[in-house]
Amino acid sequence: VLVPIVALLKLNGLDTFSEVGDLKPTNLDWFKGTTTVGIISLLAWGLGYFGQPHIIVRFMSIKTHKLMPRARRIGISWMAISLLGACLTGLIGIAFVEHTNIEVKNPETIFIVMSQILFHPLIAGFFLAAILAAIMSTISSQLLVTSSALTQDFYMLLRRKTLQDKSHEKEFVLVGRLSVLLVSIVAMYISWNPNDTILNLVGNAWAGFGAAFGPLVLLSLYWKRLTKYGAIAGILTGSLVVIFWILMKNHGGIFEFYEIIPGFISSIIVTVIVSLMTKPPVENDLKKFDDMEQILKS
């Protein structure tokens, strides 16, 4: 938010947007130079929010459901402000590069470049520290989640052991640490010679999570006929369709659509069909669902 504001003050104020338009007319026209496929794919990014664990967990950990409306307002408001700041940074960055005649080899680093030039080194250091803090926070949480999944969901399952089995506690700790080491090595190998942009990698991951878990979250909230087999089938279908779509993207045609669209739709269809074909939840479970619903409403 601060970077584009300071950049405007350093350049020509609001006239900077006119300069951006002169440099490339399509920059200030929402639809010029776009396609129907591109517009639909752009709007489809919104479907991904329902299946993002790191977003949903914020609401799951809330103290009481009475705070949910406030959390919703804060979450959506800050998301709008941060996205606006990000878009303005990229837009104003076009004019900034033109004025300063600096060479930006990777356009995705424009925020870092602008913050280093526009601000005092001390302030710029805070900006860089904030970026690194966000990266390190995400890395540490993902490593721990991956380690727990590999240890508890796979290794313990194969060994037919549980966390309550204290006799194998050291063994599980060792497996968890080795899992962290293994995932770290794989991650470093992938990043050593990057062959794609950060945006594309994030887009693929966003589609994968959104198509796999988004339909399940929505159906579990609004459809009582959902079964565990339908849920499993939906997760697998959404994931596989997204992967297939990514692999086929170079073939053009319908594969130009953002992969979350076919993944999300196919996941919903398969979840509903398999749920209807399998045994519905028992009456006791439905009664618990109704009781919980009444508690939340009250």
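Coordinates for the structure precede this section.
Nothing here was measured: the structure is a model prediction, and the numbers come from that model. (Residues numbered from 1 in each chain as written. Predicted model: local features only at pLDDT ≥ 70, side-chain atom pairs only at ≥ 80, totals over all residues. Heavy atoms only, no water.)

Quick notes on the overall build of the chain
The secondary structure content of the chain amounts to twelve helices and zero strands. Along the chain, from the amino end to the carboxyl end, the secondary structure elements read α-α-α-α-α-α-α-α-α-α-α-α. Taken along its principal axes, the extent of the C-alpha atoms in the chain is 65 × 50 × 45 Å. Across the 298 residues of the chain, 24% fall into the buried class. (Helix = DSSP H or I, 4+ residues; strand = E, 2+ residues; numbered from the N terminus. Buried < 20%, exposed > 50% of the residue type's maximum accessible area, 1.4 Å probe, protein only.)

Some words on the nonpolar core
Taken as a class, soluble globular proteins show a tendency for nonpolar side chains to be buried jointly. In this structure, Val-3, Met-114, Leu-118 and Phe-119 are the most contacted members of the largest nonpolar core, which totals 15 residues. When contributions to this core are tallied by element, the ones reaching two or more residues are α1 (2-10), α5 (68-100) and α6 (110-118). Ignoring sequence-local partners within four residues, the contact set of Val-3 consists of Thr-89, Phe-111, Met-114, Ser-115, Leu-118, Phe-119 and Phe-127. (Core = buried A, V, L, I, M, F, W, Y, C linked by side-chain atoms within 4.5 Å. Contact = heavy atoms within 4.5 Å.)

Overview of the side chain of Thr-151
With respect to the helices, strands and loops of the structure, Thr-151 is situated in helix α7 (residues 121-159). Looking at Thr-151, the relative accessible area reads 5%, which means it is buried. There is a polar contact of 2.8 Å between the side chain of Thr-151 and the backbone oxygen of Ser-147. If we ignore the near neighbours within four places in the chain, the residues touching Thr-151 are Met-156, Phe-172, Val-175, Gly-176 and Ser-179. (Polar contact = N/O pair within 3.5 Å; in protein donor to acceptor, adjacent residues only side chain to side chain.)

With respect to the packing of α5 against α6
Following both chains from N to C, one finds α5 and α6 inclined at 60°, their axes separated by 10 Å at the closest point. Considered as vectors, α5 and α6 are oriented oblique to each other. The chirality of how α5 crosses α6 is left-handed. Mapping the contact onto sequence places Thr-89, Gly-93, Phe-96 and Val-97 in α5 and Ile-110, Phe-111, Met-114, Ile-117 and Leu-118 in α6. Considered class by class, the residues forming the contact of α5 with α6 number seven nonpolar, two polar and no charged. (Axes fitted to C-alpha atoms, helices over the stretch in contact; angles between N-to-C directions. Parallel < 35°, antiparallel > 145°, perpendicular 65-115°, else oblique. Left-handed = near helix turned anticlockwise from the far one by under 90°. Nonpolar A, V, L, I, M, F, W, Y, C, P; charged D, E, K, R; others polar.)

Things to note about the packing of α1 against α5
In the contact formed by α1 and α5, the axes pass within 8 Å of each other and the chain directions differ by 35°. As for the relative orientation of α1 and α5, their crossing is left-handed in sense. Where α1 approaches α5, its residues Val-3, Pro-4, Ala-7 and Leu-8 are matched on the opposing element by Gly-85, Leu-88, Thr-89 and Ile-92. Partitioned by chemical class, the residues of the contact of α1 with α5 number six nonpolar, two polar and no charged.

Let's talk about the pattern of salt bridges
Scanning all chains against the criterion turns up one salt bridge. Residue Lys-249 is joined to Glu-259 by a salt bridge in which the shortest nitrogen-to-oxygen separation is 2.6 Å. With Lys-249 in the loop between α10 (228-247) and α11 (260-277) and Glu-259 in the loop between α10 and α11, this pair connects stretches of sequence that are ten residues apart. (Salt bridge = Lys/Arg side-chain N within 4 Å of Asp/Glu carboxyl O.)

Considerations on the packing of aromatic side chains
Where two aromatic rings form a pair, the distance of their centres and the angle of their planes describe that pair. One pass over the full model with this rule turns up eight aromatic pairs. With 4.7 Å between their ring centres and 55° between their planes, Trp-245 and Phe-255 make a pair best called tilted. Of the two residues, Trp-245 sits in helix α10 while Phe-255 sits in the loop between α10 and α11, which places them ten residues apart along the sequence. Side by side, Trp-245 and Phe-255 carry an identical accessibility label, which is buried. An aromatic cluster of three or more residues is present, and its members are Trp-45, Tyr-49, Trp-206 and Tyr-258. (Phe/Tyr/Trp six-rings, centres within 6.5 Å; stacked < 30°, edge-to-face > 60°.)

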